[in-house]
Amino acid sequence: MSHETVYAVASGKGGVGKTTTTVNLGMVLARAGERVAVVDADLGMANLAGFVGLNSDSTTLSDVLSGNASVDDATYRLAENAVAVPSGTSLDDYAETSPEGLRDVVDELRSQYDVVLLDVGAGVTHETVLPLGLADAVIVVSTPEPASVHDSRKTLELTERAGGEVAGLVVTRTRPDTDVSYEEIADRLELPLLGAIPEDPAARESVYAGTPLVVHAPDGPAPAAYRRLAADLAGVEVPNERADGGRGSGDRSGSTPDAARNSAENGDDEAERDDVSSAITEAESEQ
Ligand code: ADP
Ligand code: MG
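These figures come from a predicted structure and were not determined experimentally.

**Focus: the confidence of the model for the protein**
The predicted coordinates should not be examined in detail at positions where pLDDT is low. Confidence in the prediction of the protein, expressed as mean pLDDT, is 84, and 82% of residues score 70 or more. Below a pLDDT of 50 lies the segment residues 243-287, which in the model reaches 74 contacts outside its immediate sequence neighbourhood of four places, other chains included.

Written out as structure tokens, the structure reads:
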């Protein structure tokens with residue numbers, strides 16, 4: 001089962017769905033039994049903590065990179081098999097952070113998890129380029145908007161310069177009325193199309209709720225697309241939590257990967273919610 005794959009989730013333009021993709025792809029892979037770490041490597045505009053209901057005032061990757069904490073200290077459990085490493089959101093955190101240590105952080109996480117997902121910042125700064133080279137594969141995220149597609153080319157160029165490999169393209173926030181097909185967008189960028197994630201009104205709500213979209217509204221169009229993406233990308237079987245119609249029937253008494261898989265198959269997303277809120281409580285109680 002161990003793939004030990006580090007993915008960088010990257011884009012040229014900001015606001016296209018990288019953090020949403022990192023978090024939700026991570027959650028569905030964890031649900032399929034992979035041990036997953038999602039990492040906020042967007043050091044300048046860190047916000048992954050909010051997506052998963054963690055408090056960014058707690059120990060973060062910024063503290064690790066400034067030499068004041070261990071990776072373990074900045075690792076928080078989100079759900080069975082899933083942890084997050086958030087980054088600090090204040091400008092002071094950023095000022096003290098040196099991205100150089102990211103290599104060691106990634107190496108450490110790689111040894112502990114099957115899949116590590118790095119949420120990479122947009123733009124062309126050093127801390128954006130570094131993760132592209134550290135990852136085994138870069139997932140390029142773009143909306144169908146021409147400006148976003150255009151800026152994806154920069155990500156491809158940067159990945160090449162950083163010595164990284166591109167896995168392919170995920171088109172996000174797609175609408176049925178988009179005049180350009182996603183295949184065409186991928187063709188233009190000469191990339192394999194990994195997936196297309198539809199516009200989903202629950203995406204924003206889930207951020208306000210501090211609960212990953214695939215847990216917040218699992219029946220929506222984007223969660224279904226994230227499950228397909230995970231299945232295609234990692235070759236895993238991703239259970240649809242509502243497929244057997246069972247609710248509240250999951251047994252979460254065990255903590256082995258098998259127990260996790262069983263509870264996922266039983267459609268126990270309530271339990272996953274509990275996990276996320278206990279992560280919040282844990283983060284808050286550390287203050
Ligand atoms: P990035 O990390 O690239 O800056 P985010 O993941 O933060 O992008 O997403 C930007 C905004 O778009 C957020 O408000 C998010 O809720 C919203 N969003 C992301 N994916 C979708 C989607 N599939 N449908 C609707 N809104 C989305
Ligand atoms: Mg982001």
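Next comes the rest of the description.
**Considering helix α5 (residues 102-112)**
Turning to α5, its buried residues are Leu102, Val105, Val106, Leu109 and Arg110. Considered in projection along α5, the buried side chains sweep an arc of 135 degrees and stay on one side of the axis. Set apart from the buried face of α5 by more than 90 degrees, the exposed residues are Asp104 and Ser111.

**Quick word on the site of ligand 1**
Near ligand 1 lie 16 residues; those nearest to it are Gly15, Lys18, Thr19, Thr20 and Asp200. Interatomic distance of 2.9 Å between a backbone N/O atom of Gly17 and an oxygen atom of ligand 1. Alone, ligand 1 offers 570 Å² of accessible surface; in the complex the protein occludes 87% of this.

**With respect to the pattern of salt bridges**
Under the counting rule described, the total for this entry stands at five salt bridges. Glu157 is the salt-bridge partner of Arg161, the closest N and O atoms lying 3.3 Å from each other. Taken together, the positions of Arg161 and Glu157, both in helix α7 (residues 146-161) and four residues apart, correspond to about one turn of that helix. With its nearest N and O atoms 2.9 Å apart, the salt bridge here joins Glu199 to Arg173.

Scoring rules and cut-offs
- Residues numbered from 1 in each chain as written.
- Chains lettered and ligands numbered in written order.
- Predicted model: local features only at pLDDT ≥ 70, side-chain atom pairs only at ≥ 80, totals over all residues.
- Heavy atoms only, no water.
- pLDDT = per-residue confidence, 0-100.
- Contact = heavy atoms within 4.5 Å.
- Buried < 20%, exposed > 50% of the residue type's maximum accessible area, 1.4 Å probe, protein only.
- Helix = DSSP H or I, 4+ residues; strand = E, 2+ residues; numbered from the N terminus.
- Arc of directions from axis to C-beta.
- Near = heavy atom within 4 Å.
- Polar contact = N/O pair within 3.5 Å; in protein donor to acceptor, adjacent residues only side chain to side chain.
- Areas by Shrake-Rupley, 256 points an atom, 1.4 Å probe, with all protein chains shown as cover.
- Salt bridge = Lys/Arg side-chain N within 4 Å of Asp/Glu carboxyl O.

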